[in-house]
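# Chain and residue survey
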Amino acid sequence: MNSVTRTATASARRTTQLNLENGARRGKWKGEVFRALLILCLVVAFVTLVAVIIQAAVKGWPRLDWNLIRQMPSTLDRESSGMQSALFGTIYLMIGLVLTVVPIGVSAAIYMEEFADQSKWWVRFIDLNIQNLAAVPSIVFGILGLALIVRGPLSLGTVVYAGSLTLAMLVLPTIILASREAIRSVPVTLRNGSLGLGATKWQTIWHQVLPSAVPGMVTGTILALSRAIGETAPLLLVGATVFVTYNPDGFFDGAYTALPVQIYQWASRPQEEFRILASAGVIVLLAVLLAMNSIAIWIRNKFTRDL
Amino acid sequence: MTSNTPKEHPVSNATATAETKRPTVRNPGEDLPNQPLPVMETRALNVFYGDFHAVHDVDLKFGRHEITALIGPSGCGKSTVLRCLNRMNDLVPSARVEGTVLYHDIDVYGPKVDPIEVRRHIGMVFQKANPFPKSIYDNVAYGPRVIGMKVDSMDDHVEQCLRSAALWDEVKDKLKESGYSLSGGQQQRLCIARAIATKPDIILMDEPCSALDPIATSAIEDLMLNLREEYTIIIVTHNMQQAARVSDRTAFFTARPDETTGNRTGLLVEFDKTSKIFGTPSDKRTEDYISGRFG
Amino acid sequence: MTSNTPKEHPVSNATATAETKRPTVRNPGEDLPNQPLPVMETRALNVFYGDFHAVHDVDLKFGRHEITALIGPSGCGKSTVLRCLNRMNDLVPSARVEGTVLYHDIDVYGPKVDPIEVRRHIGMVFQKANPFPKSIYDNVAYGPRVIGMKVDSMDDHVEQCLRSAALWDEVKDKLKESGYSLSGGQQQRLCIARAIATKPDIILMDEPCSALDPIATSAIEDLMLNLREEYTIIIVTHNMQQAARVSDRTAFFTARPDETTGNRTGLLVEFDKTSKIFGTPSDKRTEDYISGRFG
Amino acid sequence: ACGSDDGDTGTEDPPAAAEEGGESEGDELSGDIAVDGSSTVTPLTEAAAELFMNENPDVRIAVGTSGTGGGFDKFCNGETDVSMASREVKQEEIDLCAANGVEFEELGVANDGLAIVVNPANDWVTCMTVEEINAAWKDGSTATTWADINPDYPDEALELYGPGTDSGTFDYFTEAINGEEGNITQNYNDIGEDDNAAVIGVSGSTGAMAFIPLSYVTAAGDQVKAIEVENEAGECVAPSEETVQAGDYNPLGRQLFIYPSAEALEKPEVLAFVEFHVENSGPAAEAAGFIGLTEEQTQEALDKVASLTGGR
Amino acid sequence: MSSATHTQSPPGGDRQEPVSLSASSRRYGEKAIVGWLFLCAAFSVLVTAGIVVSLLTPTIEFFNRVSPANFFSTEAWAPFNAGNPGYGVYRLVVGTLNVTLWALVIAIPAGLGAAIYLSEYASRRARKVLKPILEVLEGVPTVAYGVFALTFVTPLLRDYWPTFLPGQLGEPPGVFSAASAGIVMGVMIIPTVASISQDAMSAVPSGLRQAAYGLGSTRMQVATKVVVPAALSGIVASFILGVSRAIGETMIVLLAAGAAASLSLWPNDSVLTMTTFIARTSTGDIGHGTTTYYTIFAVGALLFAMTFIMNMISIALVRRFRETYE
Ligand SMILES: Nc1ncnc2c1ncn2[C@@H]1O[C@H](COP(=O)(O)OP(=O)(O)OP(=O)(O)O)[C@@H](O)[C@H]1O
Ligand SMILES: Nc1ncnc2c1ncn2[C@@H]1O[C@H](COP(=O)(O)OP(=O)(O)OP(=O)(O)O)[C@@H](O)[C@H]1O
Ligand SMILES: [Mg+2]
Ligand SMILES: [Mg+2]
Ligand SMILES: O=P([O-])([O-])[O-]
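All of these numbers come straight from a predicted model, not from anything done at the bench. (Residues numbered from 1 in each chain as written. Chains lettered and ligands numbered in written order. Predicted model: local features only at pLDDT ≥ 70, side-chain atom pairs only at ≥ 80, totals over all residues. Heavy atoms only, no water.)

### Section: the overall build of chain A
The number of helices and strands found in chain A is 12 helices and one strand. Start at the N end of chain A and walk to the C end: the helices and strands fall as α-α-α-α-α-α-α-α-α-α-β-α-α. The burial tally for chain A puts 61% of its 307 residues in the buried class. Long-range contacts, defined as pairs at least 24 residues apart, comprise 70% of the intrachain contacts of chain A with a sequence gap of at least 6. With an accessible surface of roughly 11900 Å², chain A has 66% of that area assigned to carbon and sulfur atoms. (Helix = DSSP H or I, 4+ residues; strand = E, 2+ residues; numbered from the N terminus. Buried < 20%, exposed > 50% of the residue type's maximum accessible area, 1.4 Å probe, protein only. Contact = heavy atoms within 4.5 Å. Areas by Shrake-Rupley, 256 points an atom, 1.4 Å probe, with all protein chains shown as cover.)

### Description of the interface of chain A and chain E
Chain A puts 72 residues into the contact, and the matching count from chain E is 79 residues. Interface area, chain A with chain E, both sides summed: about 6600 Å², of which 79% is carbon and sulfur. The largest contributions to the chain A side of the interface with chain E come from Leu42, Asn132 and Ile143 of chain A, which together make up 9% of the buried area. Across the contact surface, chain A and chain E share zero salt bridges. Applying the counting rule to chain A against chain E returns eight residue pairs in polar contact (both at pLDDT 80 or more). When residues in the side of chain A that touches chain E are grouped by element, the largest group, 17 residues, is from helix 2 (residues 28-60) of chain A. Residue classes in the side of chain A that touches chain E are distributed as 50 nonpolar, 13 polar and nine charged. (Buried area = accessible area lost by both parts, 1.4 Å probe. Salt bridge = Lys/Arg side-chain N within 4 Å of Asp/Glu carboxyl O. Polar contact = N/O pair within 3.5 Å; in protein donor to acceptor, adjacent residues only side chain to side chain. Nonpolar A, V, L, I, M, F, W, Y, C, P; charged D, E, K, R; others polar.)

### Comments concerning the domain arrangement of chain A
All names here are of chain A. Segmentation of chain A into domains returns domain 1 (3-63) and domain 2 (66-306). Each partner contributes to the interface: domain 1 provides eight residues, whereas domain 2 provides 15 residues. Interface area for domain 1 against domain 2, summed over the two sides, is near 870 Å², with a carbon-plus-sulfur share of 68%. The three residues of domain 1 that bury the most area against domain 2 are Ala56, Lys59 and Arg63, which together make up 70% of that side's buried surface. On inspection of domain 1 and its partner domain 2, the count reaches one residue pair in polar contact (both at pLDDT 80 or more). Grouping the constituent residues of the side of domain 1 that touches domain 2 by class yields five nonpolar, one polar and two charged. (Domains from an automatic or database assignment.)

### Let's talk about the packing of helix 4 (residues 84-115) of chain A against helix 9 (residues 201-229) of chain A
All names here are of chain A. Close contact between helix 4 and helix 9 brings their axes to 9 Å; oriented N to C, the two are set at 140 degrees. What the angle tells us is that helix 4 and helix 9 run oblique. Between helix 4 and helix 9 lies a crossing whose hand is right-handed. Residues Thr90, Met94, Leu97, Val98, Val102, Val106, Ile110, Glu114 and Phe115 of helix 4 touch helix 9, and the partners they reach there are Lys201, Trp202, Ile205, Val209, Leu210, Met217, Thr221, Leu225, Ala228 and Ile229. Partitioning the contact of helix 4 with helix 9 into residue classes produces 15 nonpolar, two polar and two charged. (Axes fitted to C-alpha atoms, helices over the stretch in contact; angles between N-to-C directions. Parallel < 35°, antiparallel > 145°, perpendicular 65-115°, else oblique. Left-handed = near helix turned anticlockwise from the far one by under 90°.)

### What to know about the state of the cysteines
Residue and element names in this part refer to chain D. Under the definition given, this model contains two disulfides over all chains. Disulfide pairing is shown between cysteine 76 and cysteine 97; the S-S distance is 1.9 Å. When the S-S torsion is -70 degrees, as for the bridge of cysteine 76 with cysteine 97, the disulfide is left-handed. Residue cysteine 76 is found in helix 3 (residues 67-76), and its partner cysteine 97 is found in helix 4 (residues 91-99); the two are separated by 21 residues along the sequence. The class of cysteine 76 is buried, set by a relative accessible area of 0%. (Disulfide = S-S within 2.5 Å.)

### Comments concerning the environment of isoleucine 192 of chain C
Residues and elements named next belong to chain C. Residue placement: isoleucine 192 occurs in helix 6 (residues 184-196). What makes isoleucine 192 buried here is its relative accessible area of 0%. Those residues within four positions of isoleucine 192 in sequence are excluded, and the remaining contacts are Val125, Met205, Ile220, Leu223 and Leu227.

### Thoughts on the sheet that holds strand 2 (residues 52-63) of chain C
Residue and element names in this part refer to chain C. Spatially, 5-4-1-2-10-9-3-8-7-6 is the arrangement adopted by the 10 strands of the open sheet, whose pairing is mixed. Edge strands, defined here as strands with exactly one partner in the open sheet, are strand 5 (106-107) and strand 6 (122-125). As judged from the four bridges shared by strand 6 and strand 7 (residues 202-206), these two strands associate in the parallel manner. By the bridge assignment, glycine 123 is partnered in strand 7 with isoleucine 203. (Pairing = 2+ DSSP bridges.)

This is how it looks when you write it as structure tokens:
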């Protein structure tokens, strides 16, 4: 190493040091401000949820007691009125919904992922149709339910199952899309492994694909259900707008109401007691929702780690 | 960590490196018939993915109880050809196969042929070991079960397959554990055990060692040489030395770009005994490839 | 399509293949100092991904205006080491780097060092050509713009970079077209042009040719040899012949499995002049690898 | 107590309930009753239903809120036993019921008044004429300030709140004040079924005016101030229980109705409930914020029931 | 080769049985299963058909009574006015757009910002926590948001309205306002916009990001100059889907936006949206068979058509995006 090289190296070193070290780059603060703004955006969304919860909790506080879910709705006795029939109505709605929509949705997803030939125009049409259906306003499903299920061809009347069926159509696309996602995420190597052994397509699906896809499907389904549980508009149209002081006694019989409908009912009454009940009801609804979502997230985390 | 092992191999000195060097062929003087006795054969095989012409006019004969290696640069269609042999390409919706693929003189693309049945005769092992998320035992038993194979005792059958795959000693105490609990090389041998459990005639292997370390690789290579006694093996490999070590015959593919579209279509350049391909290839492109000028 | 080109290279006959063969080294007799004059250096470099120890104790010196090749089997940590040099590993959340990486004697992991600034000095070219979905012109101009580089005329600068990347003639009439409209090899050269547009000191290349055909590969290799006049180049490659053809020094890595966990940790086996590594390696493992016994 | 599988018409065979109730008393009432209709009447019927169910625990009454029109729609389709209405049934609805063979009777169950309310800070108005109200509310009204209604009023911006176009209250008000159902200015704040929103609106703005059911005035306390309305006799009358019952508070006093179907009345529990509803008008109305029936009104209603059931 | 069976074992073969490649069974069960699966997939088409039929039949009846010229006009919206009815749906559309506009003013920047944060800034662990919360947010019942708008946001707006603003803008809103509904709806839509945008951004190949970082870009430059432009069609799709959700949302506007069919784009006015009209009227007083009754379906059909078109655009954009990178 001669002295020329050494000087060159030394000067290079100095400039580099100046360059590499902090502060050399101008405008660093821009990045920080930008990041702060982004966090703010996220916070706006989250803070509102917190505000919704706090506001409902504060307002509904006087009525956040066991009577709320133990008692039936009452006009005379607003202080201890509850929403048991609404809670049960919602449970019935959900059971009817799950039994209807899960088999159809999962089957449709299997067909679209495993059997459908994407080059066929009608497959693409079904695909497009599912995607589009996923974004149709819920009130339109209410109209559909009213025209075809409550009245019209099915004429079920305003029974629980009519509500379940209406909600089923509403969440069907979500379930299909989530199940397809779950099926698609099963590694293709697993499929090839099975098919390469001479297993038939259905054997491969049944023995390899579905077991691996179940966690994803369950997660997607729970998330879809937690959407359905809060749907109000379509239920208003298909007959859940009822003051009922007893729980449903079947899927095809009698009157029912549901949590969000009961909340809406109370929220639009003049008396302060009902407003309080509405807020307390919001808390109950959110609690049910959070519970469902937590289960979904738990399932997802548990199983994605294993795969 | 510097090596203190004394060098065991005589090495040519650095000045000799200007000369073209080739991989070591396992058994150059072996008595192999000049023409394979084909158990499987392709004739004018062309494969398209949609409009893309992936493989052009491949004529190959795979000899019974031989190991045939398919080599060539990335994207030249080796895997594509391999997948045609047991109709795994049926699973790629855009794939279209032209030409004839004969298995015991039956066209596997014939109208009455059931691809499922084809795959029961021609097993497959993949690049990435893909055990099922089940126990080791169930991995091996899966094939016999789904094809409804009659076996006297499934336990015995599983044991025998694991023995054939040189895996029995390592797993015999944990047959109920998940296949995922094994190391990469063991997983790959499990996949081989799984493939032979259905008693296929031919085993296709697509770069079975490319994700494995030297020790696991050499275990699989030994296994292949043993399996050759009972099965016909066709292997795709990137590793020329591996082809040279294990195969009886080698097919060299390359890809030729289309002048107008720039799409690269794979084609068979040369097919011959392995010793010939690595010794005195008759095509300049083979020569270039095995001497490492590209790929 | 059989070749009718007469063979241009003398070939050793098949019986000679039992001897170990090695890639051809470009310039074995070149006058290269025995020790590199390091512009960059790693000392006891260890990298972890979460709990997984990916790379163990790497000491390397990268010489000014030299091409250094990192070779070794898949998963031995070549890319990991390369990414440490310009702190690209910062972007992998689980990655943790221990040891020292010196650039002009400054620790690039030092407390006051801004990783953005490091990357402005040490450019990078990736395995898969990754042009931005923008015009060819904007691809090249992107770097100078984001770092706020002062150039007299951006047009001239872009032209000069494209010329340096041996791409100008092919694209000069379609600078406004998308970078995606180019072929694979052209895209890779575009990425090189983009990397040199910010006038870095060092260029890191991670398997820049592995997805390219022979012609494109050789264009990039020629380009590297030219760029060496102005830049220090560090290249990771799977293709030993490529390392032999282009590099001045070669570092050979391998991976050693942990006895209890089975996790494979990468380590540096040997680092020397390329002619030495491919001629008379001093480690058995290097020997095994370059003679194709695994990998 | 699920009487029958036919959800539309409820229980048809009372004995079924006896089995299920398991009570010793044979005359214990049981069965399901489906009531639907006016949102105005809903609290009243809910109260009556609750009181009734306290005495007859095996009877289950479901009260829906589809609005007067929606209620008749279901009622005439045979989906409900009793329909609640805040106005008299319309000809189309009569026709629809007739087409489906549904016979019914109209029973008054309470009195209600529509109150005109203003902000408590409004000190310029105590009594308005129908013409003044009309000037503010009629279709095509150009009044934007109180002065536009009557030059004596201050130049305060006028802000109007009223129930939704879909409510019986709306129909009643438009007919009584503007002479034609649905005739209303484009410039009012439609607060839908939520009459309380009108209270909030009026309490928040000095120049606001709204029409709401009298019951909501009571519930609203002193957030709003109800004003007097000059009746047909030219007297300024404040809305109150007495003035409404007496019919002095006109044209904004009204009766609320239920419409049981003849078929439903054949079921003893429905008959019992309807009679109970009429007889207990006072307590129910009090609970729901309405005004009970006078004795004559009660008797008239009971007579109608009797005539429909042939004195059963 | 017509037969799939070859009885002659090839020379040197050790396989004694004949080789057969014909199907060993017809697998009817399998075919039946596929048939069932197809029916399930086709069921979704049936649902759409059901929607179209249930909307179209009464809509045709509506247009038998009211001319399309009247419906698609700026005339008064007074379907209840027996004496002087008006069916100018334009007012409802404007009302809907008013609320949508204010929703988007909130949702687009916040949703995009949240998406950029999640995709480019958040650590994997943070993302694993935040993304599910976002999903929970997407599932918060709109009736809860509606109650919140009515009982919290509205009073807040009325008390703290910037009255120093000139003209109409300075007047505090009433009990019902587009602003209250719009703001809450905007917050409701943030998760939708954020999660689709984030999907689009995370689908941008990491190679592009690495290239940009490798050139010495800052995180902000990578996000704004590389990732967002590369994911643009997916991001726009999320905006359009957000619009579509805003247009179709019912409970918030039902509770908070009021029902005055005013032709106004001011945030402090009360407006009547298409969904409010449908929900109100179909649970309201009107008799079956009246023209007003059919109006519900005409408005419903228009709502469906509008959201349908937006969904299609959004789907097409997402598809284009996917095609670029998959
Ligand atoms: N499913 C597919 N759809 C479309 N093109 C495909 C598909 N599979 C492979 N190709 C294309 O066909 C050509 C041949 O691919 P193939 O996988 O057979 O090559 P290969 O020789 O096995 O390469 P490698 O060594 O990388 O595995 C390539 O250009 C590839 O891009
Ligand atoms: N982001 C990551 N997170 C966790 N582990 C990683 C990550 N990247 C690499 N690894 C692991 O680190 C080890 C070294 O990987 P690296 O990519 O550096 O190897 P390589 O020598 O470049 O291999 P190749 O030749 O296949 O590119 C491998 O075992 C790999 O699985
Ligand atoms: Mg391949
Ligand atoms: Mg690498
Ligand atoms: O529900 P209504 O009383 O307004 O018809």
